[in-house]
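As a plain string of letters, each chain reads:
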Amino acid sequence: MRETARGRTAATAIASAVAVLATAFLVTLPAGTASADPDLSQARAAADVLRDKVDRLHAEAEAAAEDYGDANDELDQVVAKLISSDEDLDAANIDVLVADGRTADAARQMYMSGGPSALYASVLTGEDIGDVLDRIASVDSVVRGSIVAGSDARERAAAAKVTTQDLALLTAQRRALEDRKVAAAEKAAAYLSEANAALEEANGLVRRLVEEERARAQAAAEAAARAAALDAPWTTNPVPKDSLAAMDRAIAEAGADPATPYAAAALTDARRWLGTPYSAGGGGRNGPGIGWCSSLAPDDGRTDDGNCLAESTVGFDCSSFVLRVYSQAGINLPRTSRQQWHAGTPVALKDLKPGDLMFWAYNTGNPSSIHHVAIYIGHGLMVHSPHTGDHVRVASVYLRGYIGAVRPS
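Computed from a prediction, not measured in an experiment: that's the story for all the values here.

A. How the structure looks around the overall build of the protein chain. Scanning the protein chain from terminus to terminus reveals nine helices and eight strands. Here the protein chain, with 409 residues, has 42% of them falling under the buried criterion. Residue pairs in contact within the protein chain that sit at least 24 positions apart in sequence constitute 70% of those at least 6 positions apart. Total accessible area computed for the protein chain in this model is approximately 21,000 Å², and 55% of it derives from carbon and sulfur atoms.

In structure tokens, the structure reads:
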């Protein structure tokens, strides 16, 4: 994809900033200064900057992937309207041809009978004034009827053509939006590469501090998860061997004690898709679909060897799976997990019921970093479409990175 001048300028600016930052680390932290407090404080600050940059860019890259799916879903709807409009235009054009043919036939008949004047002269042979008036009406129908029919057909054709032009313009706009989404994902990937490159260039002390900070953050997240688990309405359960039975139990419980009238129907449709492959960017309201690859997000649709599995896999990603099953239940949810977070009523962990949506984020204090959604099915279990190489399945609920839950409404 061709990069704009503004994009090159932004990328160059960030690359330069990262390079300067990395150089500063190397200059200010010479070997043997690890124990010096000022240098150590400066290194910790630099490490924090790098860690935050890498984490943020990971989140932005995955967010761009979900935004692409949303834009693609809207584009599909516009194209469907465009096809329908083209069909209307074809039908209107056929009506014009038919009307023109009738006009030509009428003209030939009038010519063979002496033209319109001859037709009007025939009214004079009427037996009385009523008969004369009837004949005048008949002649008017012959002479004017085909003209009116042709005019109506042309008006319909013109209206259909205007609609087609409008939809074509809208389609072009959606495609431009799609291009911007892909460009955003690629730009985020480029920034991520720059940040990682700068981290590699930094000296050992900075890298060690980054890893230590990550380890502390992970320990804190695990501690928070353990604390949250004390509030959970379950004990940790292993994944059942019979996933269909687990789904049947969830459907029955949702029907007997519904948190929402939509839960049982959504879970019933979710049961149908067990085993469906994960496809990044794939799937939607109509079922599984082929996805796409374009970023270095934690799950960009590629296998470990770099091949784009999503482009050859018919399946769901996490949010399109949720979108599909709830559309069958009667709720039209948004396309992405971040949007779905706002499409219901918040539910505490201890109050979860089958059918509630659970969310995970890079930063549990910031919903804009949400990257995954699953459907709770009770008893510490959930059903979700996890990641590339996996499939829709029942799994044990995990709480690391868990940001909260909502009840769709």
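Now, onward.
B. Local environment of the packing of helix H6 (residues 243-256) against helix H7 (residues 263-272). Following both chains from N to C, one finds H6 and H7 inclined at 165°, their axes separated by 8 Å at the closest point. Accordingly, the angle class assigned to the pair H6 and H7 is roughly antiparallel. Considering how the two elements wind past one another, H6 and H7 form a crossing that is left-handed. Counted together, Leu 244, Met 247, Asp 248, Ala 250, Ile 251, Ala 254 and Gly 255 of H6 and Ala 263, Ala 264, Leu 267, Thr 268, Ala 270 and Arg 271 of H7 form the full contact between these two elements. For the contact of H6 with H7, a count of residues per class yields nine nonpolar, two polar and two charged.

C. Representation of helix H8 (residues 318-329) within the structure. When the terminal C-alpha atoms of H8 are compared, their 17 Å separation across twelve residues agrees well with the 16 Å that a helix rising 1.5 Å per residue should span. The element H8 is largely enclosed, with a buried count of ten among its twelve residues. Taken as a whole, H8 has its buried residues at Cys 318, Ser 319, Ser 320, Phe 321, Val 322, Leu 323, Arg 324, Val 325, Tyr 326 and Ala 329. The distance from a side-chain oxygen at the start of H8 to the backbone nitrogen of Ser 319 is 3.3 Å, and the residue carrying that oxygen is Asp 317.

D. Spatial organisation of the packing of aromatic side chains. Inspection of the entire model under this criterion finds five aromatic pairs. The interplanar angle of 80° and the centroid separation of 5.4 Å between the aromatic rings of Trp 273 and Phe 316 together place this pair among those described as edge-to-face. Taken together, the residues span a long stretch of sequence, with Trp 273 in the loop between H7 and strand E1 (289-290) and Phe 316 in the loop between strand E2 (314-315) and H8 at a distance of 43 residues. When sorted by exposure, Trp 273 lands in the same class as Phe 316, which is buried.

E. Spatial organisation of the environment of Glu 213. Here Glu 213 lies in helix H5 (residues 204-229). What Glu 213 contacts, discounting residues up to four positions off in sequence, is Asp 48 and Arg 51.

F. Looking closely at H6. With 14 residues, H6 extends 20 Å between its outermost C-alpha atoms, agreeing within 8% with the 20 Å of an ideal straight helix rising 1.5 Å per residue. Buried residues belonging to H6 abut H7, strand E5 (370-378), strand E6 (381-384) and strand E7 (393-396). Capping the start of H6 is the job of one residue whose side-chain oxygen sits 3.2 Å from the backbone nitrogen of Leu 244: Asp 242.

Definitions and limits used
- Residues numbered from 1 in each chain as written.
- Predicted model: local features only at pLDDT ≥ 70, side-chain atom pairs only at ≥ 80, totals over all residues.
- Heavy atoms only, no water.
- Helix = DSSP H or I, 4+ residues; strand = E, 2+ residues; numbered from the N terminus.
- Buried < 20%, exposed > 50% of the residue type's maximum accessible area, 1.4 Å probe, protein only.
- Contact = heavy atoms within 4.5 Å.
- Areas by Shrake-Rupley, 256 points an atom, 1.4 Å probe, with all protein chains shown as cover.
- Axes fitted to C-alpha atoms, helices over the stretch in contact; angles between N-to-C directions.
- Parallel < 35°, antiparallel > 145°, perpendicular 65-115°, else oblique.
- Left-handed = near helix turned anticlockwise from the far one by under 90°.
- Nonpolar A, V, L, I, M, F, W, Y, C, P; charged D, E, K, R; others polar.
- Expected span 1.5 Å × (residues − 1).
- Polar contact = N/O pair within 3.5 Å; in protein donor to acceptor, adjacent residues only side chain to side chain.
- Phe/Tyr/Trp six-rings, centres within 6.5 Å; stacked < 30°, edge-to-face > 60°.

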